[in-house]
Amino acid sequence: MSSNNVLRILDLKKLVLAYPNLRWHKVDIQTLWNLNPSTLCLLGKMVEGEANVTIIDAQFYDLSIEAFVARIADVKPDYVGISILTSEYSSILHLAAEAIKNLDQNIIVIAGGVHVTIEYMKVMDDLNIDFAVRGEGEHILRDLIRFLNGSGGKPTRGLVYRHEGRIVAQSQELIMDIGSLPLPDYDLVKMEDYINVGSRYGPLRPPEYPYVRMLITRGCPVGCSFCQVESISGRKVRVPDVSRVVDEIAYLKNRYGLKSFIIDDDNIALRKKFFKKFLKVLTKRDMGLKFIIQSFAIFALDDEMLELLSKAGCVGINVAIESGSKRVIKEIVNKPLNLEDVPRLIAKIKSNGIYVLANFIIGFPGETWDEIRETISFAENCGADYVKLFVAVPLKGTKLWDMAKKHGSTEIADEDPEVNWRFSQIKSDEWTPYDISILRAYEWDRINFGDPNRRRRVAEIWGMSEDEISKIRKATRDAVTAGNPHRGEEIQEHVQGPKRDYLPIITDGGNLLIN
């Protein structure tokens, strides 16, 4: 490297990219998980040559807020980008922003992630946050850093910012050509730590260690009523070049000695031609890797795809059935699924040596108690190796949210909704939120652990002993019976930074200004 290049790198401003720690809000074994470091590594790669990047993952390393701030103080950054996944833990974004500004008011705080994309106006109520990213942030962050450095214009899509006492919200950014994005810069983190620790306990653990998590496609066309993906990533499934994806897997295997990987996509099987080509190329490269798919559209499965999955090294898939009621599937969930096909397809998958996890949801607006019992019965008898039961959660940006509000099925506040994946927040004339919360926990336990054979099979899939799982089962039951049944565990007071009131108005160009 020439001396001029060295001087230029030393002269670059400093950017910290951070995951805050979910535990700053609460500790809940059901909803705590480590996030994929490749997201921050890709963002870091996007600003290569524009800023010197440091990644601080407070979640993975379980940093206290004090330790997090100390790490930032050591770096002395000009900018800090904070990524937050779920609205359930939104308070940690504001805790982090407040702590950073208390350290140094001159640090520019940039917020991004799923929660920020959905709740960007609420996020910008916090004056400790200078910019919010609405949508996919790779190009936005790069262009924003250039703008702040004085070497480029302001981004024209996806940025939310303040101007003359008002908030400007640009239209959401989706990157249509995701194949143009570079490979993440894995040197920005200590990958040796991540590849030997699963993101969380449970059935979606890596088949073997070391492992990585791969997000290959973006978007989902199905439009299930409860899902935010349509609002976050759009209905068009965008795909990269197959050879590039397999090359990245090969690179990670050669560098880190991978033995498995997890596909984190929302619905990779829906682009059948792409997915089958990926499986064929993966098989041809013969890397000897096992993998699981954490979200698989079972209605997209055909015999060729199943054979390719088995040959390529797939050992497990997670299918989303959602309900055992035909009416609920069609009229409430909006999923193009024929329930009569499900047991046969699950049996075929298992006959090819691939285990099956199945998702179900209970407590939808307008769902009857008998339909809920139909779902429990179907879940028990569909043939899946392991059943996951969820309560219906109306999230901002979903059809379910609109449905619940329209029919008065929830008392969740519009302005400051409290999201909690463990406890139902939907009401009915036939059942209470507490009924649903209790039923979910106890039927999950009965279906999966009701006989010795199932207990052994689940322990095998989880990679844990039956005694270890017993402790988790008890904690799950205890959590829904302790404290206020409508709120669950006592949660820390929601922490926001200083606010001001804004009056929304629409202006030309599709940008939203807030007075």
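Because the structure is predicted, anything quoted here is derived from the model rather than measured. (Residues numbered from 1 in each chain as written. Predicted model: local features only at pLDDT ≥ 70, side-chain atom pairs only at ≥ 80, totals over all residues. Heavy atoms only, no water.)

Chemist: Just checking my understanding: could you explain unusual backbone geometry for this structure?
Modeler: When glycine is set aside, most residues are seen to have a negative phi, and most peptide bonds are trans. Here the amide bond leading from Tyr209 into Pro210 is cis, since omega sits at -5°, within 30 degrees of zero. Take Pro210: it is sitting in the loop between helix H8 (191-194) and strand S8 (211-214). For Glu164, which is not glycine, the phi torsion reads 50° and is therefore positive. Judged by relative accessible area, which is 68%, Glu164 ranks as exposed. A positive phi angle, near 80°, is found at Glu322, a position not held by glycine. (Helix = DSSP H or I, 4+ residues; strand = E, 2+ residues; numbered from the N terminus. Buried < 20%, exposed > 50% of the residue type's maximum accessible area, 1.4 Å probe, protein only.)

Chemist: Help me understand the pairing of strand S3 (residues 79-83), please; the structure alone is not making it clear to me.
Modeler: Along a regular strand, successive side chains alternate from one face of the sheet to the other. The element S3 is extensively covered by neighbouring structure, given that five of its five residues are classed as buried. Burial of the side chains of S3 extends over both faces: Tyr79, Gly81 and Ser83 are buried on one face and Val80 and Ile82 on the other. The pairing of strand S1 (residues 14-19) with S3 spans four bridges and is parallel. If you follow Leu15 over to S3, its bridge partner there is Tyr79. (Pairing = 2+ DSSP bridges.)

Chemist: Whenever I open this one, the pattern of salt bridges confuses me. Can you help?
Modeler: Side-chain pairs of opposite charge can arise where the charged atoms are in close proximity. Using the criterion set out here, one finds 40 salt bridges in the structure. Asp187 serves as the salt-bridge partner of Arg255, at 2.3 Å between the closest nitrogen and oxygen. Of this pair, Arg255 sits in helix H10 (residues 242-256) while Asp187 sits in the loop between strand S7 (166-169) and H8, placing them 68 residues apart in sequence. For Arg255, a relative accessible area of 40% translates into the label partly exposed. Note that Asp478 and Lys474 form a salt bridge whose closest N and O atoms lie 2.7 Å from each other. You can see Asp478 and its partner Lys474 sitting in helix H19 (residues 466-481), four residues apart, about one turn around the helix. (Salt bridge = Lys/Arg side-chain N within 4 Å of Asp/Glu carboxyl O.)

Chemist: It is not clear to me how a negative patch on the surface should be interpreted in this structure. Could you clarify?
Modeler: Taken together, the side chains of Asp370, Glu374, Asp429 and Glu430 present a region of like negative charge at the surface. With respect to the element layout, Glu374 can be found in helix H15 (residues 369-381). (Patch = residues over 30% accessible without salt bridge, like charges linked within 9 Å, V, L, I, M, F, W, Y side chains within 5 Å. Areas by Shrake-Rupley, 256 points an atom, 1.4 Å probe, with all protein chains shown as cover. Lys, Arg positive; Asp, Glu negative; His and termini not counted. Charge placed at Lys NZ, Arg CZ, Asp CG, Glu CD.)

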